[in-house]
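One-letter residues, chain by chain:
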Amino acid sequence: MVVSMKERVEATSSASNINKFGSEESLFDKNFKVVFVLGGPGSGKGTQCANIVKHYGFTHLSAGDLLREEIKSGSKSGGMIKNLMKEGQIVPSEVTVKLLLRAMLESGNDKFLIDGFPRNEENRVAFENLTNIEPEFVLFFDCSVKEMERRILNRKQGRDDDNMETIRKRFEVFNESTLPVIEGYNCKGKIRKIDADKPVDEVFENVKAIFSEFGIEEVSYKKTNIRAIMGFERIMCLIKWLSNVKKIFTKKILRYL
Ligand SMILES: Nc1ncnc2c1ncn2[C@@H]1O[C@H](COP(=O)(O)OP(=O)(O)O)[C@@H](O)[C@H]1O
Ligand SMILES: O=c1ccn([C@@H]2O[C@H](COP(=O)(O)OP(=O)(O)O)[C@@H](O)[C@H]2O)c(=O)[nH]1
């Protein structure tokens with residue numbers, strides 16, 4: 001059975017029909033490359049992901065950003081997500097995984113940096129069951145609490161959860177729920193721990209060494225940037241549009257000749 005991209009995206013709209021294509025045809029390409037990016041709140045995950053996108057052509061999917069967009073979109077689950085995030089709690093897996101899968105399928109890319117996820121064992125199992133994807137490796141940005149606190153309080157992005165009371169709860173949730181996931185991946189030899197207390201450039205040098213260990217090469221800056229910003233399908237759409245515009249102009253010019 002050949003399943004179109006549109007059908008695949010539509011299938012992610014309900015957790016119950018996510019596997020409607022059966023086990024023969026997974027929704028996901030087995031060749032998808034996924035790197036999970038974990039670390040405490042404010043450890044620098046988003047900052048380093050932006051660098052990785054520029055150099056390696058991965059699509060950056062921040063689970064937190066996707067949840068914030070879902071709140072803004074005015075969706076049914078927006079209120080529930082907002083309350084949980086304000087309390088520093090983890091949003092149910094079915095919501096987060098659905099947003100991630102949809103973003104993966106819509107991106108047109110096959111290399112993903114999934115930032116701030118899986119945050120607990122339930123997240124990890126839900127993602128693996130639906131995609132059959134195991135991460136290539138897991139980057140763990142290890143940062144001191146004092147430095148993470150300092151960074152979050154200076155971040156000033158107007159986030160509801162960047163206040164002292166919620167920050168404390170987020171640290172607790174990280175220790176109780178996310179560290180066990182990191183330990184589990186460590187047992188499988190998948191964790192690559194990085195000292196995230198260091199300045200941004202030094203941290204990125206260490207990130208690069210890990211990508212190189214996995215044979216992932218840097219790609220041209222222009223190519224990565226355009227693909228990361230636009231996605232493959234949007235580029236194809238733009239090319240079609242430009243060729244139509246060209247046809248119209250050619251016709252007009254021919255009329256004057
Ligand atoms: N290595 C670093 N040294 C100093 N500040 C940093 C470093 N990495 C990130 N920051 C700053 O700390 C804040 C939190 O970083 P961010 O990437 O948003 O963290 P996270 O995604 O893990 O919550 C941002 O304001 C960012 O500019
Ligand atoms: O997979 C995820 C990722 C994020 N969150 C929620 O989003 C908040 C912010 O997460 P983000 O990764 O954006 O920021 P961080 O806390 O790492 O700075 C978390 O505290 C959770 O409430 C969640 O529930 N599941």
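Model, not experiment: these values are computed from the prediction.

S.K.: Report on a negative patch on the surface, specifying residues and quantitative values.
M.R.: On the surface, a cluster of negative charge is made up of Asp-195, Asp-197, Asp-201 and Glu-202. Along the chain, the position of Asp-197 falls in the loop between β5 (191-195) and α9 (200-213).

S.K.: Describe the nonpolar core, naming the residues involved and giving the relevant values.
M.R.: Proteins that are soluble and globular tend to have nonpolar side chains buried together. Counting 30 residues, the largest nonpolar core has Phe-36, Met-104, Ile-114, Phe-117 and Phe-127 as its most contacted members. When residues of this core are traced back to their parent elements, those giving at least two are β1 (33-39), α3 (63-72), α4 (78-86), α5 (93-107), β3 (111-115), β4 (137-142) and α8 (164-187). Per-element tally for this core: the top contributor is α5, with seven residues. Those residues in contact with Phe-117, other than ones at most four positions away along the chain, are Phe-36, Val-37, Leu-38, Ala-63, Thr-96, Val-97, Leu-100, Asn-123 and Phe-127.

S.K.: Explain the packing of helix α2 (residues 45-56) against α9 to me, using residue names and the numbers behind them.
M.R.: Where α2 contacts α9, the two axes come as close as 10 Å, and the packing angle between them is 50°. By the angle between their axes, α2 is oblique relative to α9. At the point where α2 passes α9, the crossing takes the right-handed sense. Residues Thr-47, Gln-48, Asn-51, Ile-52, His-55 and Tyr-56 of α2 touch α9, and the partners they reach there are Val-200, Val-203, Phe-204, Val-207, Lys-208 and Phe-211. Taken together, the residues of the contact of α2 with α9 sort by class into seven nonpolar, four polar and one charged.

S.K.: Any details on the packing of aromatic side chains? Residues and values, ideally.
M.R.: On inspection of all chains with the given rule, the structure shows nine aromatic pairs. Relative to Phe-211, the ring of Phe-137 has its centre 5.3 Å away and its plane inclined at 90°; by these criteria the two rings are edge-to-face. Remark: Phe-211 occurs in helix α9 and Phe-137 occurs in strand β4; sequence separation between them is 74 residues. Each member of the pair, Phe-137 as well as Phe-211, is classed as buried. Ring-pair connections join several aromatic residues into one group, and the members of that group are Tyr-56, Phe-58, Phe-137, Phe-211 and Phe-214.

S.K.: Tell me about the site of ligand 2, residues and numbers included.
M.R.: Near ligand 2 lie 20 residues; those nearest to it are Lys-45, Arg-68, Gln-89, Val-91 and Arg-170. Arg-155 places a side-chain nitrogen or oxygen 3.4 Å from an oxygen atom of ligand 2. Here the shell around ligand 2 takes four residues from α3, the largest share from any one element. Of the residues contributing to the shell around ligand 2, the split by class is seven nonpolar, six polar and seven charged.

S.K.: Lay out the environment of Ser-107 in plain terms, naming residues and giving numbers.
M.R.: Here Ser-107 lies in helix α5. With 46 residues separating them along the chain, Ser-107 and Leu-61 place their C-alpha atoms 9.8 Å apart. Separated by 3.0 Å, the side chain of Ser-107 and the backbone nitrogen of Asn-109 make a polar contact.

S.K.: So what's going on with the UniProt feature "binding site: a ribonucleoside 5'-phosphate" (unreviewed entry) in the chain? Residues and values would help.
M.R.: Residues annotated in UniProt with the feature "binding site: a ribonucleoside 5'-phosphate" (unreviewed entry) correspond here to Arg-68, Gln-89, Ile-90, Val-91, Gly-116, Phe-117, Pro-118, Arg-119, Arg-159 and Arg-170. With respect to the element layout, Gly-116 can be found in the loop between β3 and α6 (121-131). Once residues lying within four places of it in the same chain are set aside, the contact partners of Gly-116 are Val-37, Leu-38, Lys-45 and Ala-63. Tracing the backbone through its elements, the reader meets Arg-170 in helix α8. Residues contacting Arg-170, with those up to four places away along its chain left out, are Pro-41, Gly-88, Ile-152, Arg-155, Arg-159, Asp-161 and Asp-162.

The rules behind these values
All chains use their own residue numbering, which begins from 1 and follows the written sequence. Think of it this way: whatever chain is written first is A, whatever ligand is written first is 1, and the rest follow in order. Predicted model: local features are reported for residues with pLDDT of at least 70 only, side-chain atom pairs are reported and counted for 80 or more only, and whole-chain, interface and lining totals are derived from all residues. For side-chain calculations, the full set of non-hydrogen atoms in the structure is used, while hydrogens and water are omitted. Two joining distances apply to patches: 9 Å for like charges and 5 Å for nonpolar side chains (Val, Leu, Ile, Met, Phe, Trp, Tyr), and every residue must have over 30% relative accessible area and no salt bridge. Areas reported as accessible are Shrake-Rupley estimates using a 1.4 Å probe. Residue values count occlusion only from the protein chains shown. Whenever Lys or Arg places a side-chain nitrogen within 4 Å of a carboxyl oxygen from Asp or Glu, that contact is recorded as a salt bridge. Under this rule, positive means Lys or Arg and negative means Asp or Glu; His and the chain ends count for nothing. Lys charges are placed at NZ, Arg charges at CZ, Asp charges at CG and Glu charges at CD. In this text, helices come from DSSP runs of H or I with a minimum length of four residues, and strands from runs of E with a minimum of two, each type numbered from the N-terminal end. To qualify as a nonpolar core, a set must consist of buried Ala, Val, Leu, Ile, Met, Phe, Trp, Tyr and Cys residues joined through side-chain atoms within 4.5 Å. Each residue is assigned to one of three classes by its accessible area relative to the maximum for its type, calculated with a 1.4 Å probe on protein chains only: buried under 20%, partly exposed between the two thresholds, exposed over 50%. Contacts are residue-level and defined by heavy atoms, with any inter-residue pair within 4.5 Å sufficient. Here an angle of 0 to 180 degrees is reported between the N-to-C directions of two axes, which are lines fitted to C-alpha atoms, with helices fitted over the stretch in contact. Roughly parallel here means an angle under 35 degrees, roughly antiparallel means over 145, roughly perpendicular means 65 to 115, and every remaining angle is called oblique. Left-handed is the label given to a crossing in which the near helix is rotated counterclockwise from the far helix by less than a right angle, and right-handed is the label when the rotation is clockwise. Residue polarity follows a fixed list, in which Ala, Val, Leu, Ile, Met, Phe, Trp, Tyr, Cys and Pro are nonpolar, Asp, Glu, Lys and Arg are charged, and the others, Gly among them, are polar. The pairing test for Phe, Tyr and Trp rings, Trp by its six-membered ring, is centres within 6.5 Å, and the orientation test on the planes gives stacked under 30 degrees, edge-to-face over 60, and tilted for anything in between. Note on definitions. A residue lies near a molecule or strand when any single heavy atom of the residue is within 4 Å of it. In the analysis that follows, any N or O atom pair within 3.5 Å is treated as a polar contact, provided that within protein one partner can donate a hydrogen and the other can accept it, and provided that, for residues neighboring in sequence, both atoms belong to side chains. UniProt positions are given in the numbering used here, feature names are shortened, and annotations may be inferred rather than shown by experiment.

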